[in-house]
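One letter stands for each residue in the lines below.
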Amino acid sequence: KAGVTQTPRYLIKTRGQQVTLSCSPISGHRSVSWYQQTPGQGLQFLFEYFSETQRNKGNFPGRFSGRQFSNSRSEMNVSTLELGDSALYLCASSVLPGLAGGRVNEQFFGPGTRLTVL
Amino acid sequence: SQQGEEDPQALSIQEGENATMNCSYKTSINNLQWYRQNSGRGLVHLILIRSNEREKHSGRLRVTLDTSKKSSSLLITASRAADTASYFCATDVGAGANNLFFGTGTRLTVIP
């Protein structure tokens, strides 16, 4: 089974631009979560989608948004980019949302998209 | 702010030695997980310990959890050069949610 794929792997943008990142979950997985990783703040949860609905959202400004399609693929968008948005953006997929059916659903992470904002 | 803090921030050992990393967290948890990340890449799930468990083993990994102290430790025995990576603990505090709170990570270097 193919793992979680993220495209593009690397991206360079300038301040004020917007960017869209894509995540394809493992086949059969319906939950997709996004995380931002920076040297200063570490790994922080952005949002989670399940069945095309946002279920949870982290503490990020409205410039960060996302969506999920009917095939479970997900995109995240960052508008009006700032220098501080430079980070590794990781997506993770799981069969179901966490603790569904009383079990913890393991999350499988993709390789990430390295975004650099100049 | 992040849920967890890890100690030490960096650890350098010789191949064959054991490596111990500690994680402390702030609030009550449902589960605690350990992940590994090779330089700038995705995270690999290592082991999960539930809040009602105190110790768990998986191959060369041993995880302990002390909910009274809000802390966990990861022990890697007989380390190998290939174990060189960053290790993160992650907790999930919300029921029915996949939003994990990650620690700051420990950078482990195993010298051949």
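Here we summarise the structure given alongside this text.

### As for the packing of aromatic side chains
Given two aromatic rings, their pairing is described by the distance between the two centres and the angle made by the two planes.
Reasoning step 1: Enumeration according to the criterion identifies nine aromatic pairs over all chains in this entry.
Reasoning step 2: Seen in terms of ring centroids, Phe60 of chain A and Phe64 of chain A are 5.2 Å apart; in terms of plane orientation they differ by 65°. Their pairing is edge-to-face.
Reasoning step 3: Accessibility expressed as a relative area gives 14% for Phe60 of chain A, which makes it buried.
Reasoning step 4: Residue classification places Phe64 of chain A among the buried residues on the basis of a relative accessible area of 3%.
Reasoning step 5: Geometrically, the ring pair formed by Tyr35 of chain B and Phe102 of chain B is tilted, given 5.6 Å between the ring centres and 55° between the ring planes. With Tyr35 of chain B in strand E4 (residues 31-37) and Phe102 of chain B in strand E10 (residues 100-102), the pair connects residues that are 67 residues apart, well separated along the chain.
Reasoning step 6: Judged by relative accessible area, Tyr35 of chain B falls into the buried class, the value being 0%.

### Remarks on the pattern of salt bridges
Residues and elements named next belong to chain A.
Reasoning step 1: The tally for this structure, following the rule as stated, stands at nine salt bridges over all chains.
Reasoning step 2: Put simply, Asp85 and Arg63 hold a salt bridge, and the shortest N to O gap is 2.8 Å. Placement of the pair is Asp85 in the loop between strand E8 (74-78) and strand E9 (87-94) and Arg63 in the loop between strand E6 (53-57) and strand E7 (64-68), with a sequence separation of 22 residues.
Reasoning step 3: The exposure class of Asp85 is buried, given its relative accessible area of 4%.
Reasoning step 4: Put simply, Arg63, Glu82 and Asp85 are held in one network by salt bridges that share partners.

### Some words on the sheet that holds strand E7 (residues 61-66) of chain B
By way of backbone hydrogen bonds, the strands of a sheet pair with one another, either parallel or antiparallel.
All names here are of chain B.
Reasoning step 1: With antiparallel pairing, the five strands of this open sheet are ordered in space as E1-E3-E8-E7-E6. With partners counted over all chains shown, the strands left at the sheet margins are strand E1 (4-7) and strand E6 (55-58), one partner each. Each strand axis lies, on average, 15° off the axis of its neighbour in the sheet, ignoring direction.
Reasoning step 2: Direction of pairing for E6 relative to E7: antiparallel, over a ladder of four bridges. Pairing of Glu55 across the sheet is with Thr64, part of E7.

### Looking at unusual backbone geometry
Residues apart from glycine generally show negative phi values, whereas peptide bonds are mostly found in trans.
Reasoning step 1: Looking along the chain, the bond that leaves Thr7 of chain A and enters Pro8 of chain A is cis, with omega of -10°.
Reasoning step 2: Position of Pro8 of chain A relative to the elements: it lies in the loop between strand E1 (5-7) and strand E2 (10-13).
Reasoning step 3: For the bond from Asp7 of chain B to Pro8 of chain B, the omega torsion is -5°, close enough to zero to count as cis.
Reasoning step 4: Looking at the element boundaries, Pro8 of chain B is found in the loop between E1 and strand E2 (10-14).

Thresholds applied
Residues numbered from 1 in each chain as written. Chains lettered and ligands numbered in written order. Predicted model: local features only at pLDDT ≥ 70, side-chain atom pairs only at ≥ 80, totals over all residues. Heavy atoms only, no water. Phe/Tyr/Trp six-rings, centres within 6.5 Å; stacked < 30°, edge-to-face > 60°. Buried < 20%, exposed > 50% of the residue type's maximum accessible area, 1.4 Å probe, protein only. Helix = DSSP H or I, 4+ residues; strand = E, 2+ residues; numbered from the N terminus. Salt bridge = Lys/Arg side-chain N within 4 Å of Asp/Glu carboxyl O. Pairing = 2+ DSSP bridges. Axes fitted to C-alpha atoms, helices over the stretch in contact; angles between N-to-C directions.

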